[in-house]
Amino acid sequence: MAMDYREYILDHSRDPRNYGELEHPDVHCEDFNPLCGDQLAMDLQVESNCVTAVRFRGRGCAISQAAASMLTEMIEGKTVQEVIALGKDDVLEALGIPISPARTKCAFLSLRVLHRGLALAGLEKLTEDDEE
Amino acid sequence: MTTFDDTLPIAQAKHATRSTEEIRQDFPILSRQVHDRPLVYLDSTASSQKPTAVIEAMNHYYQAYNANIHRGVYQISEEATAAMDKARVKVARFINARQSKQVIFTRNTTESINLVAYSWGGANIHAGDLIVLTEMEHHSNLVPWQLLAQRTGAHLEFVPVSDDGLLRLDIYQQLLQRQPKLVAFTHMSNVLGTINPAKAMIAQAHAAGAIVVLDAAQSVPHLPIDVEDLNVDFLAFSGHKMLGPTGIGVLYGKRALLEAMPPFMGGGDMIRTVHLRESTWNDLPWKFEAGTPAIAEAIGLGAAVDYLNELGMATVQQHEHEMTIYALEQLQAISGLKIYGPDASQRGGVISFLLDDIHPHDLASILDQEVGVAIRAGHHCARPLMERFGLAATARASFYIYTLPTEIDILVQGLRKAQHIFHF
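Residues numbered from 1 in each chain as written. Chains lettered and ligands numbered in written order. Predicted model: local features only at pLDDT ≥ 70, side-chain atom pairs only at ≥ 80, totals over all residues.

Within chain A, the secondary structure is distributed over 6 helices and 3 strands. Reading chain A from its N terminus to its C terminus gives the helix and strand order α-β-β-β-α-α-α-α-α. Taking 132 residues into account, the globule formula puts the C-alpha radius of gyration at 14 Å, and chain A, at 14 Å, falls close to it. By principal-axis analysis of the C-alpha atoms, chain A measures approximately 40 × 30 × 25 Å. A total of 132 residues make up chain A; the buried ones form 36% of that total. For chain A, long-range pairs separated by at least 24 residues make up 62% of all intrachain contacts whose partners lie at least 6 apart in sequence. (Helix = DSSP H or I, 4+ residues; strand = E, 2+ residues; numbered from the N terminus. Rg over C-alpha atoms; globule rule 2.2 N^0.38 Å. Buried ≥ 20, exposed ≤ 12 C-beta atoms within 10 Å, placed from the backbone. Contact = placed C-beta atoms within 7 Å.)

Right, here's the structure in full:
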């Protein structure tokens, strides 16, 4: 299974969308990948059950940063329920390339941070899948 | 430490008796392909490959005389016991230990260091005592001492690392003046490749009244090691980094220290007498080897030692030194590539680097897929050292007796390909 660094992935990693932080986030979480030290923080602003703004900051590989950038694009404007429903398949579909087993932690770092943040804010109950 | 003539041309890089190409024939894995390309294995610092002699020695045990040791009075158990004893003697001679009973078999370097921290540390380290470590330690030579300090109230101090990847020996001297009970440091950094002046540092620690633990996980596989000459108190290393199997490691210790130490783990084999409420301990080395040991792995390690002895550790060191010089030259020629650590005169066959802004994990994935090169990417279980250099991760290539200059050329091709993909 060959991972293919497609142009749109490099574009997202070099020029990430929604990069930065929110001053008064309703949802905030940060975490790192203990295997490689990649770091990621995510802020969400939620108004009347809808994500009105999202920002992330992080440092890490192209896969983790592109996945985070793509995830923020998926989140913005969605209802909390829709965001809670986002899972690994959605991230893999957005990346659009096979992710080798050693790199799945990179691909899913932002997803994990998102769900933990929602749980910390009392908006979501974590499943085992989210904790992985 | 031996220094070498850095101008020795690669064309002369031949082993005394066997070429690298011939040596490679002994390693079945080196003929396999990954992603339709020949495997280029540049991660021996993480774990070395195994020669047929090691694999067959272990198979032979399982097929011909598999039995527990020190138990049966029957033929094959006696053969297994003799084979394990023989392996211990081989390892003892390999590091020039006076007696084979000073070689304790463990699972790996980590367990060896934990054994010292729990057993010797538990008996000898008290509140307020000082333990001196360095900033370049692998987590395995850091966390056991943190745990010991937490249990006892001892203090930890650290020898800093200079920008060129060397220990600040001036500060080491200052720390020794505070009369530490224990000094623990790595003989060779698994990140920077730095070979520390262990013999002098040990002598200085002894003069200050300290006991010394040397993390030799990276040095025993790659350099000639003489524990008598080093005069080291404890030395820890792993089998799998020196052509041997996983699951077997060694703790060498001075006999008087080992004899005075309480057991680490309790169980079968480590006892002399057992009653319901008390027991007495077996002699060395078995006092520290509770339960059925890794018999096949010990035999495999013995075969690895035979293999390395046949090549000669001076030859091993020389070959890796030549590969390191060649690789440093080739890598330095790539614009945008930054190398961490000292020059080749103080470095083993380990090179950590960054290429432009490409994350090491992306680099490792591209090298794997595009040119079949296996390197390590990450913090190399040395996060404090990474922080010292302001890094989250590096890419790391490392060399062993089977590394060819052409493999380093393929690494360089792969790095240029990565630059192309990332538009640098």
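Of the regular secondary structure elements, chain B holds 14 helices and 17 strands. What you see for chain B is a C-alpha radius of gyration of 22 Å, in line with the 22 Å of a compact globule of 424 residues. Reported as C-alpha extents along the three principal axes, the dimensions of chain B are approximately 70 × 55 × 35 Å. Per-residue burial for chain B yields a buried fraction of 51% across its 424 residues.

Attention now goes to the interface of chain A and chain B. Taken residue by residue, the interface counts 15 residues in chain A and 13 residues in chain B. Here the side of chain A that touches chain B is composed, by residue class, of 9 nonpolar, 3 polar and 3 charged. (Nonpolar A, V, L, I, M, F, W, Y, C, P; charged D, E, K, R; others polar.)

Now for the domain arrangement of chain B. Residue and element names in this part refer to chain B. Considered domain by domain, chain B is made up of domain 1 (10-31 + 312-421) and domain 2 (55-310). Just the C-alpha atoms count here: the centres of domain 1 and domain 2 sit 28 Å apart. The interface is formed by 23 residues belonging to domain 1 together with 21 residues belonging to domain 2. Contributions of two or more residues to the side of domain 1 that touches domain 2 are made by helix 11 (313-332), strand 14 (350-355), helix 13 (383-388) and strand 17 (394-398). Of all the elements, helix 11 adds the most residues to the side of domain 1 that touches domain 2, at 5 residues. Class assignment for the residues of the side of domain 1 that touches domain 2 results in 11 nonpolar, 8 polar and 4 charged. (Domains from an automatic or database assignment.)

Another aspect to go through is the nonpolar core. All names here are of chain B. One finds Ile95, Leu235 and Ile299 to be the most contacted residues of the largest nonpolar core, which totals 163 residues. Element by element, the count of residues in this core is highest for helix 10 (residues 295-311), at 10 residues. Built from parts of two domains, this core gets at least three residues from each of domain 1 (10-31 + 312-421) and domain 2 (55-310). If near-sequence neighbours (up to four positions away) are discounted, leucine 235 is found in contact with Ile95, Leu214, Ala216, Val227 and Tyr252. (Core = buried A, V, L, I, M, F, W, Y, C linked by C-beta atoms within 7 Å.)

Turning next to helix 3 (residues 75-94) of chain B. All names here are of chain B. Here helix 3 contains 20 residues, and its C-alpha end-to-end distance of 29 Å stays within 8% of the 28 Å for a straight helix at 1.5 Å per residue. Those residues of helix 3 not exposed but buried are Ala80, Ala83, Met84, Ala87, Arg88, Lys90, Val91, Ala92 and Phe94. On its buried face, helix 3 sits against helix 2 (52-64), strand 4 (103-106), strand 10 (249-253) and helix 10. Looking one or two residues beyond helix 3, the residue adopting positive phi is asparagine 96, at roughly 60°. (Expected span 1.5 Å × (residues − 1).)

Now for the packing of helix 1 (residues 7-14) of chain A against helix 2 (residues 62-75) of chain A. All names here are of chain A. Following both chains from N to C, one finds helix 1 and helix 2 inclined at 85°, their axes separated by 8 Å at the closest point. The orientation of helix 1 relative to helix 2 falls into the category roughly perpendicular. Of the residues in helix 2, those touching helix 1 at Ile9, Leu10, His12 and Ser13 are Ala62, Gln65, Ala66, Ser69 and Met70. Looking at the contact of helix 1 with helix 2, its residues break down into 5 nonpolar, 4 polar and no charged. (Axes fitted to C-alpha atoms, helices over the stretch in contact; angles between N-to-C directions. Parallel < 35°, antiparallel > 145°, perpendicular 65-115°, else oblique.)

A few words on the sheet that holds strand 9 (residues 234-238) of chain B. All names here are of chain B. Taken in spatial order, the 7 strands make up an open sheet running 4-10-9-8-7-5-6, and their pairing is mixed. Looking along the sheet, the strands with just one partner apiece sit at the ends: strand 4 and strand 6 (155-159). Averaged over all neighbouring strand pairs, the angle between strand axes comes to 20°, with direction disregarded. Here strand 4 runs beside strand 10; their pairing, made up of 4 bridges, is antiparallel. The residue bridging phenylalanine 105 from the neighbouring strand is valine 250, located in strand 10. (Pairing = 2+ DSSP bridges.)

This part takes up the confidence of the model for chain B. Caution applies to low-pLDDT regions: their predicted coordinates should not be interpreted in detail. A residue-level look at chain B finds 96% of positions with pLDDT of 70 or above and a mean pLDDT of 94. This stretch, residues 1-15 of chain B, has a pLDDT under 50; its non-local contacts, to residues over four places away or in other chains, come to 19 contacts. (pLDDT = per-residue confidence, 0-100.)

To continue, consider the environment of A:His28. Relative to the elements of secondary structure, A:His28 occurs in strand 1 (residues 27-32). For A:His28 and A:Ala67, which are 39 residues apart along the polypeptide, the C-alpha to C-alpha distance reads 18 Å.

The next thing to look at is the sheet that holds strand 2 (residues 39-47) of chain A. Residue and element names in this part refer to chain A. Taken together, the 3 strands give an open sheet; going across it, the order is 1-2-3, and neighbouring strands pair in antiparallel fashion. Looking along the sheet, the strands with just one partner apiece sit at the ends: strand 1 and strand 3 (50-59). Strand after strand, the sheet turns through a mean of 10° between neighbouring axes, direction not considered. Across 6 bridges, strand 1 lies against strand 2 in antiparallel orientation. Counted as the bridge partner of phenylalanine 32 is glutamine 39 from strand 2.

Here we come to helix 2 of chain A. Residues and elements named next belong to chain A. Along its 14 residues, helix 2 runs 20 Å from first to last C-alpha, staying within 8% of the 20 Å computed at 1.5 Å per residue. The element helix 2 is extensively covered by neighbouring structure, given that 12 of its 14 residues are classed as buried. Those residues of helix 2 lying buried are Ala62, Ile63, Ser64, Gln65, Ala66, Ala67, Ala68, Ser69, Met70, Leu71, Thr72 and Ile75. Just downstream of helix 2 lies glycine 77, where phi reads positive at about 85°.

The subject of this paragraph is the pairing of strand 14 of chain B. Residues and elements named next belong to chain B. For strand 14, a buried count of 5 out of 6 residues is recorded, marking the element as mostly surrounded by other parts of the structure. In the sheet, strand 13 (residues 337-340) pairs with strand 14 via 4 bridges, with the strands oriented antiparallel. Looking at the pairing, isoleucine 339 lines up with phenylalanine 353 of strand 14. Here 4 bridges tie strand 14 to strand 17, and the two strands are oriented antiparallel to one another. Looking at the pairing, valine 350 lines up with serine 398 of strand 17.

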